[in-house]
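A look at the structure
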Amino acid sequence: MIVAALACAAGTLHAASEADIEKSFFPYKNGLPTAAGLAAGTVISKANVANFAAVLDPALQRHIQEGAVEITVGATTSFDINKSYVDATRENVGKVKLGAKPGELVGYVAGRPFPEEPDAKDPRAGEKLAWNFRYGMNWGDSLAISPFYWKYRNMESGKVERNILFNFHFIKYTHRLNQAPTPEISPNPSKLYRATYVNVQEPQDVKNTQLLIQRYEDDLKQDDAYLYLGFQRRVRRLSTGQTTDAFLGSDIMIEDFEGYNGRISDMNWKYKGTVNMLMPFYNHNDMKLSDEYREPDGYKYVAFGGQGGCFPNITWQLRKVHVVESSPVDPNHPVSKRVHYMDAQTSAMSQTLVYDRKGDLWKIFMLGMTHPDSHLAKNKGSGIVLFDAFSMIDVQAKHCTTGQFKGQLDAQMVPVNLFNVQNMRGGS
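The structure presented is a predicted model; accordingly, all values stated were derived computationally and were not measured.

**Comments concerning helix H4 (residues 83–92)**
- Of all the positions in H4, only Tyr85, Val86, Ala88, Thr89 and Asn92 are classed as buried. All buried residues of H4 lie within an arc of 160° about the axis, which places them on one face of the element. In H4, those exposed residues whose orientation departs by more than 90 degrees from the buried face are Lys83 and Glu91.
- Residue Gly94 follows H4 closely and has a positive phi angle near 85°.

**A closer look at empty space enclosed by the protein**
- Scanning the model with the defined rule gives 6 cavities of 30 Å³ or more in all.
- If you trace the largest cavity, you find 18 residues lining it, with Phe133, Arg134, Arg194, Glu258 and Tyr260 closest to the centre.
- When residues of the lining of the largest cavity are traced back to their parent elements, those giving at least two are helix H5 (125–134) and strand E7 (192–202).
- For the lining of the largest cavity, a count of residues per class yields 9 nonpolar, 4 polar and 5 charged.
- If you list the elements that add at least two residues to the lining of the second largest cavity, you get strand E5 (142–154), strand E6 (160–172), strand E20 (361–370) and strand E21 (386–394).
- Among the elements that make up the lining of the second largest cavity, the one with the highest residue count is E5 (3 residues).

**Some remarks on the nonpolar core**
- With 82 residues, the main nonpolar core has Ile44, Trp150 and Leu278 as its most contacted residues.
- Filtering out sequence-adjacent residues up to four positions away, Ile44 remains in contact with Leu38, Val49, Phe52, Leu56, Ile64, Glu70, Ile71, Val73 and Leu278.
- With 19 residues, the next largest nonpolar core counts Leu129, Ala130, Val324 and Met349 among its residues.

**So, the packing of helix H2 (residues 18–25) against H4**
- As a packed pair, H2 and H4 sit with axes 10 Å apart at the nearest point and diverge in direction by 155°. The angle between H2 and H4 falls in the class roughly antiparallel. The element H2 and its partner H4 pack so that their crossing is right-handed. Contacts between H2 and H4 involve Glu18, Ile21, Glu22 and Phe25 on the former and, on the latter, Tyr85, Val86, Thr89 and Arg90.
- Residue composition of the contact of H2 with H4, grouped by class: 4 nonpolar, 1 polar and 3 charged.

**Remarks on helix H3 (residues 58–65)**
- Of all the positions in H3, only Ala59, Leu60, Gln61, His63 and Ile64 are classed as buried.
- Count one or two residues on from H3 and you reach Gly67, which has phi positive near 80°.

**Regarding unusual backbone geometry**
- Note that the residue after Ser146, namely Pro147, is joined by a cis bond; omega there is 0°.
- Mapped onto the elements, Pro147 comes out in strand E5.
- Looking along the chain, the bond that leaves Ser186 and enters Pro187 is cis, with omega of 5°.
- Mapped onto the elements of the fold, Pro187 is located in the loop between E6 and E7.
- Even without glycine at this site, Leu248 takes up a positive phi of about 50°.
- Residue position: Leu248 is located in the loop between strand E10 (234–237) and strand E11 (267–279).
- Despite not being glycine, Glu258 shows a phi value in the positive range, around 65°.
- Here Glu258 shows up in the loop between E10 and E11.
- By relative accessible area, which is 10% here, Glu258 ends up buried.

**Re the pairing of strand E18 (residues 335–343)**
- Most of E18 sits inside the fold, with 7 of its 9 residues counted as buried.
- Taken together, the 6 bridges between strand E17 (residues 315–328) and E18 define a ladder with antiparallel strand orientation. Within E18, the position partnered with Val321 by the bridge is Asp343.
- Two successive antiparallel strands, E17 and E18, enclose a turn made up of 6 residues.
- Hairpin remark: E18 followed by strand E19 (residues 349–356), antiparallel, with 5 residues in the connecting loop; positive phi at Ser347, about 65°.

**Some details on the state of the cysteines**
- Taken as a whole, this structure holds 1 disulfide when the rule is applied.
- Note on cysteine connectivity: Cys310 is disulfide-linked to Cys400, with sulfurs 2.1 Å apart. Disulfide Cys310-Cys400: torsion about the S-S bond near -85°, hence left-handed. Note that Cys310 is positioned in the loop between strand E15 (304–305) and strand E16 (311–312) and Cys400 in strand E22 (residues 399–408), a separation of 90 residues in sequence.

**Focus: the side chain of Gln214**
- Within the fold, Gln214 resides in strand E8 (residues 210–216).
- Classification of Gln214 as buried rests on a relative accessible area of 11%.
- Engagement of the side chain of Gln214 in a polar contact is seen with the backbone oxygen of Phe419, the distance being 3.3 Å.
- If we skip the residues at most four places from it in the chain, Gln214 touches Leu192, Arg194, Ala195, Asp223, Asp224, Tyr226, Phe419 and Asn420.

**Description of the pairing of strand E9 (residues 224–229)**
- Most of E9 is tucked away: 6 of the 6 residues are buried.
- Covered by surrounding structure in E9 are Asp224, Tyr226 and Tyr228 together with Ala225, Leu227 and Leu229, the residues of both alternating faces.
- Examined bridge by bridge, E8 and E9 share 5 bridges and lie antiparallel to one another. In the sheet register, Leu212 faces E9, and the bridge partner there is Tyr226.
- Here E9 runs beside E10; their pairing, made up of 4 bridges, is antiparallel. The residue bridging Leu229 from the neighbouring strand is Arg234, located in E10.
- Counting the residues between successive antiparallel strands, the hairpin from E9 to E10 contains 4 residues, one of them, Arg233, with a positive phi of roughly 55°.

What counts and how
Residues numbered from 1 in each chain as written. Predicted model: local features only at pLDDT ≥ 70, side-chain atom pairs only at ≥ 80, totals over all residues. Heavy atoms only, no water. Buried < 20%, exposed > 50% of the residue type's maximum accessible area, 1.4 Å probe, protein only. Helix = DSSP H or I, 4+ residues; strand = E, 2+ residues; numbered from the N terminus. Arc of directions from axis to C-beta. 1 Å grid on protein atoms, 1.4 Å probe; cavity = no way out; pocket = protein on both sides within 12 Å on 5 of 7 lines; lining within 4 Å. Points joined across faces, edges and corners; volume = space filled by probe spheres on them. Nonpolar A, V, L, I, M, F, W, Y, C, P; charged D, E, K, R; others polar. Core = buried A, V, L, I, M, F, W, Y, C linked by side-chain atoms within 4.5 Å. Contact = heavy atoms within 4.5 Å. Axes fitted to C-alpha atoms, helices over the stretch in contact; angles between N-to-C directions. Parallel < 35°, antiparallel > 145°, perpendicular 65-115°, else oblique. Left-handed = near helix turned anticlockwise from the far one by under 90°. Pairing = 2+ DSSP bridges. Disulfide = S-S within 2.5 Å. Polar contact = N/O pair within 3.5 Å; in protein donor to acceptor, adjacent residues only side chain to side chain.

Given below as structure tokens:
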């Protein structure tokens with residue numbers, strides 16, 4: 001009994017097999033998920049939303065019931081993951097174990113750490129899914145989102161209160177598979193896992209505001225985060241608590257980026273079950289795109305509509321989804337919990353509900369994901385799931401922040417020297 005308990009605590013309740021790997025990466029190989037009355041082209045509105053409650057998260061269901069938005073169902077598409085990532089999963093299967101406490105992972109090399117189906121009997125199943133998210137391939141080894149347009153919107157009036165133009169850059173230092181150098185960037189004396197660099201291009205009052213987040217391979221080590229404010233002309237280190245403040249007055253906090261942008265060890269993770277749900281997955285080039293911005297290469301961005309212009313005009317796919325709840329270890333955290341709807345095939349947290357300290361629904365995060373083969377030519381064949389649009393809706397304040405991406409898998413746009421404090425001081 002003691003041995004069994006220790007094995008469970010260390011995350012070895014069930015070792016993955018080849019069948020598990022196939023099921024993890026190719027969940028639609030033997031048939032697509034179905035729901036009564038649901039088909040590609042179905043429009044879900046307040047008139048029929050009750051028929052589809054089982055495949056909608058409660059917040060989106062409520063918005064449809066209230067007439068804030070109607071959504072259109074698209075055909076489910078297999079988002080096949082980069083072959084090198086799948087192969088790395090096979091090569092390293094069974095070698096990865098959870099440590100004695102959250103934030104410790106033993107034996108990880110590359111690929112999906114825990115490709116086996118989550119087990120409701122495993123008290124650390126949610127933590128394993130969190131590690132799958134952390135080491136996912138949702139933006140490859142490096143990615144530039146350039147340009148990246150944000151709008152701050154009054155949901156009731158529809159007024160756009162502010163526009164901000166960003167460039168976002170992401171890089172992995174370790175566990176690299178699809179961009180040279182592999183398997184890691186060297187030298188890496190600080191033993192970083194990844195970094196995020198943000199630079200504001202417009203408007204003038206916040207131009208050249210920069211954010212740098214450095215995350216360590218050791219999840220128990222606090223992230224380093226730095227902010228450069230152009231008008232102050234100095235870099236200042238952000239305290240841990242500032243990552244949960246509104247970022248530049250928006251509805252989104254730094255910790256919200258990508259569905260969750262923090263350490264595994266900062267949260268308690270619970271697996272809540274696996275369901276078929278409508279998720280914001282689609283093929284970019286098949287959407288009715290916006291003519292608002294003119295890119296030299298003809299690229300067009302996802303358009304927004306619904307109440308206040310807070311909802312992306314996309315089709316929603318019925319997909320296999322793992323439901324994971326995260327609650328902060330810190331009792332002073334402004335969030336009581338998040339409910340993440342994690343796409344089973346890609347490990348992307350593309351739909352998240354955020355609850356305030358009282359336990360009331362506070363915000364809804366929708367992260368639109370496009371297939372790379374229906375996007376820019378440079379992204380085709382990459383096997384990377386691309387961020388393509390987002391909306392963070394504050395349901396209490398009736399306000400939202402929306403984002404329109406131009407995600408580019410282009411290593412030349414993501415040089416390593418972007419991701420250090422000296423670069424921020426240079427004001428690039």
